[in-house]
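# A look at the structure
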Amino acid sequence: MTVSLETHRTEVERLLTLADQRRRARPADSCPLPQSLGRRLARDVAAPEDVPAFDNSQMDGFAVRSTDLRSATTAPVTLPVAAPIAAGASAVSLTPGTAAPIMTGAPIPAGADAVIPIERTRPGDFSAPEVTFDAAAPGGQYVRPRGDDIRAGAVLMPAGTSISVAGIGALTGAGLMSVEVEPTLRIAIISTGDEIANGQIPDSNSAALAAACAEIGAHVDRFICSDSPDEFDELLDRLDHDLALTIGGVSAGAYEVVRQALSPLAEAWFDHVPLQPGGPQGRAVRAGLPILCLPGNPVSSLVSFELFIRPGLARRCGQVDPDRPCGTAPLAAPLTSIPGKLQVRRGTLDEHGEARVIGGAGSHLLAAYAVATHLIFVPAEIEELAAGDTVSWWRIAAL
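Below or above, wherever it landed, is the structure these notes cover. Note that this is a predicted model, so its numbers are computed, not measured.

### Some details on the pattern of salt bridges
Under the counting rule described, the total for this entry stands at 24 salt bridges. Salt-bridge contacts for E13 lead to R316; the nearest nitrogen and oxygen are separated by 3.2 Å. Placement of E13 in helix α1 (residues 5–24) and of R316 in helix α7 (residues 298–316) is noted, with a sequence separation of 303 residues between them. Its relative accessible area of 23% is what places E13 among the partly exposed residues. We classify R316 as buried; its relative accessible area is 13%. A salt bridge links R43 to E180, with the nearest nitrogen and oxygen atoms 3.6 Å apart. Here R43, found in the loop between β1 (29–32) and β2 (45–46), pairs with E180, found in strand β12 (residues 178–181); they are 137 residues apart in sequence, far enough to count as distant. Connected via shared salt-bridge partners are D20, R23, R24, R40 and E182.

### Things to note about a negative patch on the surface
Taken together, the side chains of D194, E195, D230, E231 and E234 present a region of like negative charge at the surface. Listing elements by their share of the negative patch, those giving two or more residues are α3 (194–197) and α5 (229–238). If you tally residues by element for the negative patch, the top one is α5, at 3 residues. On the secondary structure map, D230 appears in helix α5. By relative accessible area, which is 56% here, D230 ends up exposed.

### Observations concerning unusual backbone geometry
The peptide bond linking V51 to P52 adopts the cis configuration, its omega dihedral lying at -5°. Its place among the elements puts P52 in the loop between β2 and β3 (56–57). The amide bond that connects Q276 to the next residue, P277, takes the cis arrangement and shows omega of 0°. The topology assignment puts P277 in the loop between β17 (275–276) and β18 (280–286). In this structure, Y142 takes a positive phi of about 55° despite not being glycine. Relative to the helices and strands, Y142 is located in the loop between β9 (130–133) and β10 (143–144). Although it is not a glycine, A287 sits at a positive phi angle of roughly 50°. Along the chain, A287 turns up in the loop between β18 and β19 (289–294).

### Considerations on the nonpolar core
By size, the foremost hydrophobic cluster in this structure holds 41 residues, and its most contacted members are I309 and L313. Within the residue set of this core, elements represented by two or more residues are α1, β13 (186–192), α4 (204–215), β15 (243–247), β19, α7, β22 (342–349) and β24 (374–378). For this core, the leading source of residues is α7, giving 9 residues. Ignoring sequence-local partners within four residues, the contact set of L313 consists of L16, L185, I187, C213, I216, L243 and F305.

### Describing the side chain of T132
Position of T132 among the secondary structure elements: in strand β9. Within the structure, the side chain of T132 is placed 2.8 Å from the side chain of T78, a separation counted as a polar contact. Those residues in contact with T132, other than ones at most four positions away along the chain, are P76, V77, T78, T121 and R122.

### Some details on the packing of aromatic side chains
Counted by the stated rule, this structure contains 3 aromatic pairs. Look at F62 and F133: their rings are 6.2 Å apart centre to centre, the planes differ by 85°, and that puts the pair in the edge-to-face class. Pair noted here: F62 is in strand β4 (residues 61–64) and F133 is in strand β9, with a separation of 71 residues, a long-range link. Exposure remark for F62: the relative accessible area of 1% places this residue in the buried category.

### A short note on the sheet that holds strand β7 (residues 114–117)
Overall, antiparallel pairing links the 3 strands, which are arranged β6-β4-β7 in an open sheet. The strands lining the two open edges of the sheet, one partner per strand, are β6 (100–102) and β7. Mean inter-strand twist for the sheet, computed between neighbouring axes without regard to direction, equals 40°. Here β4 pairs with β6 via 3 bridges, running antiparallel. Across the sheet, A63 pairs through a bridge with A100, a residue of β6.

### Details of the packing of α1 against α7
At a minimum axis distance of 9 Å, the contact between α1 and α7 shows a crossing angle of 35°. Of the two possible hands of crossing, α1 and α7 adopt the one that is right-handed. Only L307, F308, I309, G312, L313, R315 and R316 of α7 make contact with α1, whose side of the interface consists of L5, H8, R9, V12, E13, L16, T17, D20 and R23. Partitioning the contact of α1 with α7 into residue classes produces 7 nonpolar, 3 polar and 6 charged.

### Digging into α1
Every α-helix winds through 3.6 residues per turn, so residues three or four apart in the chain are directed the same way. An ideal rise of 1.5 Å per residue puts 28 Å on 20 residues; α1 measures up with 28 Å between its terminal C-alpha atoms. Of all the positions in α1, only L5, H8, V12, L15, L16, A19, D20 and R23 are classed as buried. Down the axis, α1 shows its buried residues gathered within 150° of arc, on one side only.

### As for the environment of P379
Structurally, the position occupied by P379 is in the loop between β24 and β25 (384–385). Separated by 74 residues in the primary sequence, P379 and F305 have C-alpha atoms spaced 19 Å apart. Filtering out sequence-adjacent residues up to four positions away, P379 remains in contact with K341 and L342.

### Digging into the layout of surface pockets
Reported here for the largest pocket is a volume of approximately 340 Å³. Secondary-structure elements contributing two or more residues to the lining of the largest pocket are β13, α3 and α4. Put simply, the second largest pocket is a space of about 280 Å³. As for the second largest pocket, its lining consists of 14 residues, and the residues nearest its centre are L302, E306, R324, Y369 and I396. Listing elements by their share of the lining of the second largest pocket, those giving two or more residues are α4, α7 and α8 (366–371). Ranked by residue count, the leading element in the lining of the second largest pocket is α4, at 4 residues. For the lining of the second largest pocket, the per-class residue count stands at 11 nonpolar, no polar and 3 charged.

Reading the values: rules and limits
Residues numbered from 1 in each chain as written. Predicted model: local features only at pLDDT ≥ 70, side-chain atom pairs only at ≥ 80, totals over all residues. Heavy atoms only, no water. Salt bridge = Lys/Arg side-chain N within 4 Å of Asp/Glu carboxyl O. Helix = DSSP H or I, 4+ residues; strand = E, 2+ residues; numbered from the N terminus. Buried < 20%, exposed > 50% of the residue type's maximum accessible area, 1.4 Å probe, protein only. Patch = residues over 30% accessible without salt bridge, like charges linked within 9 Å, V, L, I, M, F, W, Y side chains within 5 Å. Areas by Shrake-Rupley, 256 points an atom, 1.4 Å probe, with all protein chains shown as cover. Lys, Arg positive; Asp, Glu negative; His and termini not counted. Charge placed at Lys NZ, Arg CZ, Asp CG, Glu CD. Core = buried A, V, L, I, M, F, W, Y, C linked by side-chain atoms within 4.5 Å. Contact = heavy atoms within 4.5 Å. Polar contact = N/O pair within 3.5 Å; in protein donor to acceptor, adjacent residues only side chain to side chain. Phe/Tyr/Trp six-rings, centres within 6.5 Å; stacked < 30°, edge-to-face > 60°. Pairing = 2+ DSSP bridges. Axes fitted to C-alpha atoms, helices over the stretch in contact; angles between N-to-C directions. Left-handed = near helix turned anticlockwise from the far one by under 90°. Nonpolar A, V, L, I, M, F, W, Y, C, P; charged D, E, K, R; others polar. Expected span 1.5 Å × (residues − 1). Arc of directions from axis to C-beta. 1 Å grid on protein atoms, 1.4 Å probe; cavity = no way out; pocket = protein on both sides within 12 Å on 5 of 7 lines; lining within 4 Å. Points joined across faces, edges and corners; volume = space filled by probe spheres on them.

As structure tokens, this is what we get:
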């Protein structure tokens, strides 16, 4: 029977949860840090060492003993200059009553407990044999102590964290080269139909959906199946994926292979939702494998993916911001819509911030979809909109 958009979306979410459970049941992946961006940690990561690993200078300046500058509160203090300490140098000791030129990141010499920035000294460079200080310095000034960022053994990142750009830096800075991450969601995309299997029509549908799934971090394998239910069943038997997305074969025609093969299952539904394009939909669970069944027209399959599957799939793939940017805008030109169905048109926002439709409403107009940057929504209860009327949009492409 026909169901509401919200009911179908809820059921899709349930099947995506099942897919995520299948994913989590597989062993974690060991992932080199450069390839870990966007992946989620499978377990807590403890810092293997203190970060920073030693007391070091926060500034270019002079390492001193704060006690040697105590009298600078009443009169300038001049100290002889010791050997300079560069970043990467070995730890040394500071002779009492001297000041050592020190660079940012260099180890604080034993005995020193403060750094005076060079711009607060006279003559204000590192070449003179003596340096004069006009103010005292508290102990710890401009010193980054060992373990100031994190101590060895402390949890650097908890399990489930989606690894960000800064996360890669923090993990690398702690001395790690790889991490254990949750396994990638594995998706099988199956295009159906003799016209696809025999090469009469290029398989644009699965190419587009595979790119959409890969964009959010899923692993995708593409398959083609004819209109034979037996062949379709045999293909499903071979899959070891977490989720299957089928394309085509869900309507009421004579060669609807997906519907014919899956309808007898105890957990299967095939019918329509009040949507244009994308009305025919299906879903099933076969031998524990969740299967989401999309219509065969290219725009219908992409719109269905955007509305029902992508948001939940992106969350489960660890996307920090899984939802499409959205908003409202005045319509640039009038349009009509089919009553009783949410119509999803493709378009863009022009230089005046107006929503401008590109191409017609047809579910086969993929070229117009390709240059669109927004989905534009016309509610089911509206049959006609005038220029200037407000519509909602989702942004689906970079501007």
